[in-house]
Amino acid sequence: MKYNISFIVLLFVGLTACSGGGNNGNSLDVLPYFDLKGYMEGAIKGLEAADVTKISRINGVESQVEVKLTEEQWREELEVFFEADINKPSLVTAYDTEVKNEYLIHNLLPDEKGDVKNITVSIIDDKVHLLTLKIAKENIFYSSVTNAEFYISKATEKIDHYTIETTQKIWFLKPNNIKIMGALRF
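Model, not experiment: these values are computed from the prediction.

**Focus on the overall build of the protein**
Each helix and strand in the protein was counted, giving 4 helices and 9 strands. Along the protein, helices (α) and strands (β) appear in the sequence α-α-β-β-α-α-β-β-β-β-β-β-β when read from the amino end. Burial statistics for the protein: of 186 residues in total, 33% are counted as buried. Restricting to contacts in the protein with at least 6 residues of sequence separation, those with at least 24 account for 44%. A total accessible area of about 11900 Å² is found for the protein, and carbon and sulfur atoms account for 57% of it.

Put into structure tokens, the structure is as follows:
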């Protein structure tokens, strides 16, 4: 009888430990870094009301358009910020975090692997004022560096303007440079 109770207790403990608290091991209960993905979900709300002056420069050839974007189009336009989420279980110890004045800075540690090299957030009066990030990917045949930033208007508390610039280099070919800039008016 004593053996059966011990077995049942061990089985119960084993089953509850395997369940991972309901998060299937894919999410964290406490986020170790700035919640960029969560912030972006809120930041794109209401942007469909904005008129946007969008300037695109591809390998030095520039074009300018006036557009209005839907929420889904904003998600695509600012996709690099959504993809730069570093709150993943595999990256929980990969970044050095420091606070300098109003800046929260996450830098990828030198011996760690990850595409997102830096996220810097300027927070003034508990509100995001500026966000910058750097993403770099490299292998034998290809390299890519993306620098992106956006500023928040104090008046509207929404994105005021943004810049996303990517330089891609494929082995033996000239580098491609793509820069997208947008200024919003509400």
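**Considering a nonpolar patch on the surface**
A surface patch of nonpolar side chains, amounting to about 740 Å² of accessible area, comprises Ile-140, Phe-141, Ile-170, Trp-171, Phe-172 and Leu-173. Topologically, Ile-140 is positioned in the loop between strand E6 (127-138) and strand E7 (142-152).

**Details of the environment of Thr-146**
Topologically, Thr-146 is positioned in strand E7. We classify Thr-146 as buried; its relative accessible area is 9%. Among the polar contacts made by the side chain of Thr-146, one reaches the side chain of Thr-166 at a distance of 2.9 Å.

**So, the side chain of Asn-118**
Mapped onto the elements, Asn-118 comes out in strand E5 (residues 116-124). There is a polar contact of 3.0 Å between the side chain of Asn-118 and the side chain of Thr-120. Apart from the residues within four sequence positions on either side, Asn-118 is in contact with Ile-105, His-106, Asn-107, Thr-132, Leu-133 and Lys-134.

Cut-offs used in this document
- Residues numbered from 1 in each chain as written.
- Predicted model: local features only at pLDDT ≥ 70, side-chain atom pairs only at ≥ 80, totals over all residues.
- Heavy atoms only, no water.
- Helix = DSSP H or I, 4+ residues; strand = E, 2+ residues; numbered from the N terminus.
- Buried < 20%, exposed > 50% of the residue type's maximum accessible area, 1.4 Å probe, protein only.
- Contact = heavy atoms within 4.5 Å.
- Areas by Shrake-Rupley, 256 points an atom, 1.4 Å probe, with all protein chains shown as cover.
- Patch = residues over 30% accessible without salt bridge, like charges linked within 9 Å, V, L, I, M, F, W, Y side chains within 5 Å.
- Salt bridge = Lys/Arg side-chain N within 4 Å of Asp/Glu carboxyl O.
- Polar contact = N/O pair within 3.5 Å; in protein donor to acceptor, adjacent residues only side chain to side chain.

Take it as geometry only, folks, not as evidence of what the structure does.
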